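Okay, here's what each chain looks like letter by letter:
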Amino acid sequence: MISRRELLRSATAGAAALALPSFGRADDAKGYTLPKLPYATDALEPSIDAKTMEIHHGKHHQTYVDNLNKALAKTEWLGKPIEELVRDYKKLPTELQAPVRNNGGGHLNHSWFWQMMTKGGTPLKGELLKAVEASFGGVDGFKKEFATAATTQFGSGWAWLVKGKDKPLALVKTANQDNPITDGHTVLLGCDVWEHAYYLKYQNKRADYVNAWFSVVNWDFVAALFEKK
């Protein structure tokens, strides 16, 4: 029989694994690698079609990884954790800042993005639900404000849910592959609104994509990030 202590230890380890995903860095010599999807490419149908997932993950994300490794080859920065690299990219040599901002950001953003989604989605509950209600007046209020952020991001970019200052949660937008951690935010959830994320299925109807995307959000993963100290 499993003791209560063993059960708690197991649960804690599971939460930690959820909150601290591996970004596939093999070692300092090989650099960063493309993480595997945590589900089949057709698992998010009909919200996100399989062909989009195949291209988005296997082509676009892979390109960010390849370009990042090329830019950092034979430098001390190749072995850095990707979160640290993106957060502190302005401290890098000038010639490395743009490649890391764009490709390192692309690698980090997507590595999180795949795990922020799951087949059928998961329920929003517990302390995170209370934080959503306190910050946005309810789930519907959150979805409305988040969708507005996602659809009004001009051009390519992301809409993000982050830990707030005046309220438990807040929304921010970033252009291209910028990440809110560079500005000191704690990221909880992100929606990719680059056209390659949705154009095969939704064409110019970004709002339809965002509304469908809500149904595959992995709130368990988001909650683990929220509860992490």
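So, here's what we can say about the structure. Quantities reported herein were computed from a predicted structural model and do not represent experimental measurements. Within every chain, residues take consecutive numbers counted from 1 along the sequence as written. In view of the model being predicted, local features appear only for residues whose pLDDT reaches at least 70, and side-chain atom pairs are presented and counted only at 80 or more, with totals across whole chains, interfaces and linings using the full set of residues. Excluding hydrogens and water, the side-chain figures rest on all heavy atoms present in the structure.

Geometrically, the link from Glu45 to Pro46 is a cis peptide bond, its omega value of 0 degrees lying close to zero. Here Pro46 shows up in the loop between helix 1 (4–19) and helix 2 (50–72). The backbone of Lys74 sits at a positive phi, close to 65 degrees, despite the residue not being glycine. As for its position among the elements, Lys74 is in the loop between helix 2 and helix 3 (82–87). Here the term buried applies to any residue with accessible area under 20% of the maximum for its type, exposed to any over 50%, and partly exposed to those in between, with areas from a 1.4 Å probe on protein chains only. Given a relative accessible area of 88%, Lys74 falls into the exposed group. In the Ramachandran plot, Gln203 falls in the positive-phi region, its phi being about 50 degrees despite a non-glycine side chain. In this description a helix means any DSSP run of H or I spanning at least four residues, a strand means any run of E spanning at least two, and both kinds are numbered starting from the N terminus. Position of Gln203 among the secondary structure elements: in the loop between helix 7 (199–202) and helix 8 (206–213). Residue class for Gln203 comes out partly exposed when judged on its relative accessible area of 38%.

Moving on: the pairing of strand 2 (residues 169–175). Sheet analysis places strand 1 (residues 157–163) next to strand 2, joined by seven bridges and oriented antiparallel. From the neighbouring strand, Trp158 faces strand 2, where its bridge partner is Thr174. Counted between consecutive antiparallel strands, the loop separating strand 1 from strand 2 contains five residues. The pairing criterion for strands is at least two bridges between them, as found by DSSP.

Here we come to the packing of helix 5 (residues 126–136) against helix 9 (residues 219–227). Under this scheme, a helix contributes an axis fitted over its contacting stretch, all axes are lines through C-alpha atoms, and angles between N-to-C directions fall in the 0 to 180 degree range. The N-to-C vectors of helix 5 and helix 9 enclose an angle of 85 degrees; their axes lie 9 Å apart at closest approach. By the criterion of interaxial angle, the relationship of helix 5 to helix 9 is roughly perpendicular. Residues Glu127, Leu128 and Ala131 of helix 5 form the contact with helix 9, whose own contacting residues are Trp219, Val222, Ala223 and Phe226. By residue class, the composition of the contact of helix 5 with helix 9 is six nonpolar, no polar and one charged. Angle categories are assigned with fixed cut-offs, so that under 35 degrees is roughly parallel, over 145 is roughly antiparallel, 65 to 115 is roughly perpendicular, and the rest are oblique. In this description, contact between two residues means that some pair of their heavy atoms is separated by no more than 4.5 Å. Just so you know the grouping, Ala, Val, Leu, Ile, Met, Phe, Trp, Tyr, Cys and Pro go in nonpolar, Asp, Glu, Lys and Arg go in charged, and all remaining residues, Gly too, go in polar.

So, about the packing of aromatic side chains. The relative placement of two aromatic rings is captured by the distance of their centres and the angle of their planes. Note on ring pairs: Phe, Tyr and Trp rings are taken, using the six-membered ring of Trp, and paired if centres are within 6.5 Å. Classes follow the plane angle, with under 30 degrees stacked, over 60 edge-to-face and the rest tilted. Scanning the model with the defined rule gives 12 aromatic pairs in all. Measuring from ring centre to ring centre gives 5.6 Å for Phe113 and Trp114, while their planes differ by 50 degrees; the resulting arrangement is tilted. The burial state of Phe113 is the same as that of Trp114; both residues are buried. In this structure an aromatic cluster arises from ring pairing among Phe136, Phe142, Phe146, Trp213, Phe214 and Trp219. Comment: the charge-over-ring label is applied if NZ (Lys) or CZ (Arg) is within 6 Å of the ring centre and within 35 degrees of the ring normal. Its guanidinium or amino end placed over the ring of Tyr202, Lys201 lies 5.6 Å from that ring's centre, counting from NZ or CZ.

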